[in-house]
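Listed below, chain by chain, are the residues.
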Amino acid sequence: MEKKMICIMCPMGCELLVTKNGNDISVTGNSCGRGVIFAKEEMTCPKRIVTTSVKTEKGVKSCKTTIPIPKSLIFDCVKEIEKLRLKDAKFGDIIIKNVLNTGADVIITAN
Ligand code: SF4
């Protein structure tokens, strides 16, 4: 199976061609090793950083996960954030620790 994808690990945006043959995954088109890591993760367990906002009594604040989480958990992560009832939060505050046991914290990214 062959799949084309764009590496999103840096602004270069290399066009990758990924070939999966059983458990073997080979990658071409990458300009550096990070492209191989990205492609293999995309083929096995794709992950993304979640960026969204959280309501507080003092207004809406933007927030994000500290590290990428599996794409399959993004919707549940957003639901966990929506459940929060915060008085206030400031830049850098951890509002959920280890969200959904992913190892990622959710932090406030702006005041
Ligand atoms: S393969 Fe390397 S150079 Fe190309 S987009 Fe990915 S990280 Fe950037």
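Relevant structure appears above.
What comes next is a walk through the structure.

Conventions and cut-offs
Residues numbered from 1 in each chain as written. Predicted model: local features only at pLDDT ≥ 70, side-chain atom pairs only at ≥ 80, totals over all residues. Helix = DSSP H or I, 4+ residues; strand = E, 2+ residues; numbered from the N terminus. Rg over C-alpha atoms; globule rule 2.2 N^0.38 Å. Contact = placed C-beta atoms within 7 Å. Near = placed C-beta within 6 Å. Nonpolar A, V, L, I, M, F, W, Y, C, P; charged D, E, K, R; others polar. Buried ≥ 20, exposed ≤ 12 C-beta atoms within 10 Å, placed from the backbone. Pairing = 2+ DSSP bridges. Axes fitted to C-alpha atoms, helices over the stretch in contact; angles between N-to-C directions. Core = buried A, V, L, I, M, F, W, Y, C linked by C-beta atoms within 7 Å.

Once that is clear, we can look at the overall build of the protein chain. Broken down by element type, the protein chain carries 2 helices and 9 strands. When its helices and strands are written in sequence order, the protein chain yields β-β-β-α-β-β-β-β-α-β-β. Against the compact-globule benchmark of 13 Å for 111 residues, the protein chain has a radius of gyration of 17 Å, which places it well outside the compact range. Here the C-alpha coordinates of the protein chain stretch approximately 50 × 25 × 15 Å along the principal axes. Taking the contacts inside the protein chain whose residues are at least 6 apart along the sequence as the reference set, 36% of them involve residues at least 24 apart.

This part is about the site of the ligand. Lining the immediate environment of the ligand, one finds C7, M9, C10, M12, G13, C14, N30, S31, C32, R34 and G35. Looking at the shell around the ligand, its residues break down into 6 nonpolar, 4 polar and 1 charged.

Even without being a glycine, N98 presents a positive backbone phi close to 50°. The exposed category is assigned to N98, around which 11 C-beta atoms lie within 10 Å.

What follows is about the sheet that holds strand β5 (residues 51-56). Read from one edge of the open sheet, 4 strands run β5-β6-β9-β8, paired in antiparallel fashion. Two strands in the sheet have a free side with no partner beyond their single neighbour: β5 and β8 (94-96). When strand polarity is set aside, the average angle formed by the axes of neighbouring strands in this sheet is 40°. Summarising the sheet, β5 and strand β6 (residues 59-65) pair through 6 bridges and their orientation is antiparallel.

Looking now at the nonpolar core. Judged by nonpolar contacts, V50, V54, C63, I69, C77, I81, A89, V99, A104, V106 and I108 together constitute the single largest core of 11 residues. Those elements that provide at least two residues to this core are α2 (74-83) and β9 (106-108). Contacts of I81, omitting those with residues within four sequence positions, involve T52, V54, C63, I96 and V106. C7, V27, F38 and A39 belong to the second-largest nonpolar core, a separate cluster that totals 7 residues.

The residue A110 is located in the segment after β9 in this model. C-alpha of A110 to C-alpha of K61: the two residues are 49 residues apart in sequence and 6.5 Å apart in space. Residues contacting A110, with those up to four places away along its chain left out, are K61, S62 and F91.

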